Amino acid sequence: TIQAHDNWIWSISFASQHHLFASCSDDGTIKLWDTLTAQVRGTLTASGRKILSLTWIESDFLLASGHDDGMIRLWDMATQQLVRVFEGHQGWIRSLVFNPDDKTLMSGAQDNTIRVWQLDTGECLRVLTAHQGWVTSIALADQNNLFVTGSADATVRIWDLGTQQCLRTIQLPLPYDGMNISHA
């Protein structure tokens, strides 16, 4: 066992091209791990804020992190420096996903919204408001031009990636404290 974080770990994200994964925690840090040696290669600190979600933008060697202050921070992993802050959500950022097709970042948060961000400018391009509870997870389909969101409102929604319109809502029998959806 390797001791690295001092509190709960909320998310782990792989950058397989770089033989790294990142973990984030309530302790306000992101740890960068070498997948071959299991050693910590760096630590990023975000002003003591809880960090709840992560996603890699491997093509540009960037890492996005979602925080309890409603902000998303974008890190350059070559320098391990903060390069941009995305502002707009009210509440915890529970899920992040990068869309490589159009270089956008999608976020789901405690404010019941999904936001679509232009990666290179930080501009919020769209706010999707179909959920009635925290958006806890987002996943892109590898094909079919779809993405899926899960929420504390006990629904899963299937969206058209191009139009960003909700195509179908699946009502689950019970509300969940959290839901995690990942692509296969």
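For every chain, the first residue of the written sequence is number 1, and numbering continues from 1 onward in sequence order. Only residues with pLDDT of 70 or above have their local features reported here, since the model is predicted, and side-chain atom pairs are shown and tallied only from 80 upward, although totals for entire chains, interfaces and linings are computed over all residues. Side-chain metrics in this entry use all non-hydrogen atoms of the structure; hydrogen atoms and water are not considered.

### Here's the deal with the overall build of the protein chain
Item 1. Labels follow the DSSP assignment, with helices taken as runs of H or I lasting at least four residues and strands as runs of E lasting at least two, numbered in each case from the N terminus. Along its length, the protein chain carries zero helices and 16 strands.
Item 2. For the protein chain, the spread of C-alpha atoms along the three principal axes comes to 45 × 35 × 30 Å.
Item 3. Each residue is placed in one exposure class: buried if its accessible area under a 1.4 Å probe, protein chains only, is under 20% of its type's maximum, exposed if it is over 50%, and partly exposed if it falls in between. For the protein chain, the proportion of its 184 residues judged to be buried stands at 50%.
Item 4. Contacts between residues were defined by any pair of non-hydrogen atoms, one from each residue, lying within 4.5 Å. In the protein chain, of all internal contacts separated by at least 6 residues, the share reaching a separation of at least 24 is 34%.
Item 5. Here the protein chain carries 12 positive and 19 negative side-chain charges, and the mean point of each set is 3 Å from the other. Only four residue types enter the tally: Lys and Arg on the positive side, Asp and Glu on the negative side; His and the chain ends are excluded. Every charge is mapped onto a representative atom, which is NZ of Lys, CZ of Arg, CG of Asp or CD of Glu.

### Considering the sheet that holds strand β6 (residues 62-67)
Item 1. Reading across the sheet, the four strands line up as β5-β6-β7-β8 and stay open at both edges, with antiparallel pairing between neighbours. This sheet does not close on itself; its edge strands, each paired only once, are β5 (51-57) and β8 (81-87). Between one strand axis and the next, the sheet turns through 20 degrees on average, direction left out of account.
Item 2. As judged from the five bridges shared by β6 and strand β7 (residues 71-76), these two strands associate in the antiparallel manner. Paired with Leu 63 across the strands is Trp 75, a residue of β7. Note on pairing: two strands pair once DSSP finds at least 2 bridges between them. With axes taken as lines fitted to C-alpha atoms, and helix axes fitted only over the stretch in contact, angles between N-to-C directions fall between 0 and 180 degrees.

### With respect to unusual backbone geometry
Item 1. In the Ramachandran plot, Phe 61 falls in the positive-phi region, its phi being about 50 degrees despite a non-glycine side chain.
Item 2. With respect to the element layout, Phe 61 can be found in the loop between β5 and β6.
Item 3. At Asn 112, a residue that is not glycine, the phi angle is positive and equals roughly 70 degrees.
Item 4. Mapped onto the secondary structure, Asn 112 falls in the loop between β10 (104-109) and β11 (114-118).
Item 5. The exposure class of Asn 112 is partly exposed, given its relative accessible area of 23%.

### Topic: the sheet that holds strand β14 (residues 146-151)
Item 1. An order of β13-β14-β15-β16 is seen for the four strands of this open sheet, with the pairing classed as antiparallel. Two strands close off the open sheet at either side, each with one partner strand: β13 (135-140) and β16 (166-171). Averaged over all neighbouring strand pairs, the angle between strand axes comes to 15 degrees, with direction disregarded.
Item 2. Of the strand pairs in this sheet, β13 and β14 are connected by five bridges, and their pairing is antiparallel. The residue of β14 that forms the bridge with Ala 139 is Val 148.

### Some words on the nonpolar core
Side chains of a nonpolar character, in soluble globular proteins, are inclined to be buried together.
Item 1. Throughout this description, the term nonpolar core refers to a set of buried Ala, Val, Leu, Ile, Met, Phe, Trp, Tyr and Cys residues connected via side-chain atoms within 4.5 Å. Grouped together as the largest cluster of nonpolar side chains are 15 residues, with contacts concentrated most on Ile 30, Trp 56, Leu 63 and Met 77.
Item 2. Elements supplying a minimum of two residues to this core: β2 (20-25), β3 (29-34) and β5.
Item 3. Among residues more than four places away in sequence, those in contact with Ile 30 are Ala 22, Ser 23, Cys 24, Gly 42, Thr 43, Leu 44, Ile 51, Leu 54, Leu 63, Ser 65 and Trp 75.
Item 4. Ile 72, Phe 86, Phe 98 and Ala 109 belong to the second-largest nonpolar core, a separate cluster that totals 13 residues.

### As for the pairing of β2
Item 1. Counting buried positions along β2 gives six out of six residues, so the element sits mostly inside the fold.
Item 2. Along β2, one buried face is formed by Leu 20, Ala 22 and Cys 24 and the opposite face, lined by Phe 21, Ser 23 and Ser 25, is buried too.
Item 3. The antiparallel pairing of strand β1 (residues 9-15) with β2 creates a hairpin that spans four residues between the two strands, and His 19 there sits at a positive phi of about 55 degrees.
Item 4. Both β2 and β3 contribute to a ladder of five bridges, which runs antiparallel. Across the sheet, Leu 20 pairs through a bridge with Asp 34, a residue of β3.

### Considering the pairing of β10
Item 1. Among the six residues of β10, six are classified as buried, and the element is accordingly described as predominantly covered.
Item 2. Alternating residues of β10 divide into Thr 104, Met 106 and Gly 108 and Leu 105, Ser 107 and Ala 109, and every residue in both groups is buried.
Item 3. The pairing of strand β9 (residues 93-99) with β10 spans six bridges and is classified as antiparallel. When the bridges of β10 are listed, Phe 98 appears paired with Leu 105.
Item 4. Summarising the sheet, β10 and β11 pair through five bridges and their orientation is antiparallel.

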